[in-house]
Amino acid sequence: MEDSTAKGLKESRKKRERIAKVKGTIVSIIGIWLMISIVICAVLMWRVSRLEEKMDYLLDNFTVSGQMDAESKQTLPNTDESMYFNLEDTTEVSLMEEMGYGIVPVMNQKENIAQENDTHKVYLTFDDGPSSNTAQILDILKKYDLKATFFVIGREGEEYEELYKRIVEEGHTLAMHSYTHKYKVLYESLESFVDDFSRIQNYLYKVTGKECLYYRFPGGSSNHVSNTDMTEFISYLNEQGITYFDWNVSSGDATSQAYTPEELVQNVTSDIVKYKTSIVLMHDAETKTSTVQALEPMILALQSMGVEILPIDESTTVVQHIAATSVEQ
């Protein structure tokens, strides 16, 4: 009887051990699965972030006028392939349109084409600030007693508020570049755009006491990623008495690794000779260290060319990819 009881207890113990082992295996599998899921999610989030960066790069570089010449072809950062578009090739045109970058003619620039002996007016503009790079850019501009234009986004906090104030106090033009700079949110609808516009306009006035009169659309007025017809936003700005500026010269600094500082200088100096008025696109976001490094030699090169370096004001020739005057209010 005792042998039978001992045997039963032994079998029961082995059964419990097997069950515990199975449970342990299941728990381990679930733990490993959860870890793998977390890693996959992290990788996907990183990939989405990189895609957003590349989208911003494309918007800033391929929607200037919907066309690129051989000198302005640019290589996407951190990719294995270059995206070169030749608009004489209908296949590549279709590819651009499928990606959302339409073929939009630049504003009528015939009267802005430089002739021999014309004085070149150059407007250095900086998007996406303020950041620590903005402070360095302001220092360089102060050194050469020059004024520029800063198309800023909404950044809250004392250090950013001081930079907004410094831009105004040192005589530069403070302009708007949306509050959020999030394309999907900003361009979702006219109501969404108006909310964002009011937010940045009111915020800058509260911080600086300055009424901002100039705006730059993220991606430019010719972008084709907006869910809403851009003319609706243009009409709204017209109603508000706001002048928006695109650009006709790009430094190529949409990504800090696309060009060396020397190449950024070359990109600008080789193009400004084409126009009487050049609106130069640059960026002063946190990652744009190459822009900071390029600014001083760029200024020296421009001064040696005898150009006027000015901030945008009411006398500036307006450069727009979609002319505001062509849009009914």
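For the structure itself, consult the block above.
A few points on the structure. (Residues numbered from 1 in each chain as written. Predicted model: local features only at pLDDT ≥ 70, side-chain atom pairs only at ≥ 80, totals over all residues. Heavy atoms only, no water.)

**Considerations on the overall build of the protein**
A count of helices and strands for the protein gives 9 helices and 8 strands. Split into buried and exposed, the 329 residues of the protein put 46% on the buried side. Taking all contacts inside the protein whose residues are at least 6 apart in sequence as the whole, residues at least 24 apart take part in 77%. Here the protein displays about 17,600 Å² of accessible surface, and carbon together with sulfur accounts for 52% of that area. (Helix = DSSP H or I, 4+ residues; strand = E, 2+ residues; numbered from the N terminus. Buried < 20%, exposed > 50% of the residue type's maximum accessible area, 1.4 Å probe, protein only. Contact = heavy atoms within 4.5 Å. Areas by Shrake-Rupley, 256 points an atom, 1.4 Å probe, with all protein chains shown as cover.)

**Focus on the packing of helix H4 (residues 158-169) against helix H6 (residues 190-208)**
Interaxial distance between H4 and H6 falls to 9 Å at its minimum, and their mutual angle equals 75°. Accordingly, the angle class assigned to the pair H4 and H6 is roughly perpendicular. In contact with Glu161, Tyr164, Lys165 and Val168 of H4, H6 contributes Tyr203, Leu204, Val207 and Thr208. Of the residues in the contact of H4 with H6, the class split is 5 nonpolar, 1 polar and 2 charged. (Axes fitted to C-alpha atoms, helices over the stretch in contact; angles between N-to-C directions. Parallel < 35°, antiparallel > 145°, perpendicular 65-115°, else oblique. Nonpolar A, V, L, I, M, F, W, Y, C, P; charged D, E, K, R; others polar.)

**Some details on the packing of helix H3 (residues 132-143) against helix H9 (residues 289-304)**
Packing of H3 against H9 brings their axes to within 10 Å, and their N-to-C directions diverge by 5°. By the angle between their axes, H3 is roughly parallel relative to H9. From H3, Asn133, Gln136, Ile137, Ile140, Leu141 and Lys143 reach across to H9, where they touch Thr289, Val292, Leu295, Glu296 and Ile299. Here the residues of the contact of H3 with H9 sort into 6 nonpolar, 3 polar and 2 charged.

**Brief notes about the pattern of salt bridges**
Under the counting rule described, the total for this entry stands at 6 salt bridges. The shortest N-O distance in the salt bridge between arginine 216 and aspartate 127 comes to 2.8 Å. On the criterion of sequence distance, the pair formed by arginine 216 in the loop between strand E4 (214-215) and helix H7 (230-240) and aspartate 127 in strand E1 (residues 121-127) is long-range, its members being 89 residues apart. A relative accessible area of 0% places arginine 216 in the buried class. Relative accessible area serves as the criterion here: at 1%, aspartate 127 is assigned to the buried category. Two residues, aspartate 139 and arginine 166, come together in a salt bridge whose shortest N-O distance is 2.5 Å. Of this pair, aspartate 139 sits in helix H3 while arginine 166 is found in helix H4, placing the two residues 27 residues apart along the sequence. For aspartate 139, a relative accessible area of 43% gives the class partly exposed. Through salt bridges with shared partners, a single network forms among Asp139, Arg166 and Glu170. (Salt bridge = Lys/Arg side-chain N within 4 Å of Asp/Glu carboxyl O.)

**Section: the pairing of E1**
Judged by how many residues are buried, E1 sits mostly within the fold: 6 of 7 residues are covered. Looking at chain direction, E1 and strand E7 (residues 277-283) are connected through 7 bridges and run parallel. Looking at the pairing, valine 122 lines up with serine 278 of E7. Direction of pairing for E1 relative to strand E8 (residues 308-309): parallel, over a ladder of 2 bridges. Along E8, the bridge assignment pairs valine 122 with isoleucine 309. Crossover handedness for the path E1 to H3 to strand E2 (residues 149-152): right-handed. (Pairing = 2+ DSSP bridges. Right-handed = clockwise from strand over helix to strand, strands pointing away.)

**Description of the side chain of threonine 134**
Tracing the backbone through its elements, the reader meets threonine 134 in helix H3. Among the polar contacts made by the side chain of threonine 134, one reaches the side chain of aspartate 284 at a distance of 2.7 Å. In this structure, threonine 134 is in contact with Gly129, Phe150, Leu163, Ile167 and Asp284, ignoring residues within four places of it in sequence. (Polar contact = N/O pair within 3.5 Å; in protein donor to acceptor, adjacent residues only side chain to side chain.)

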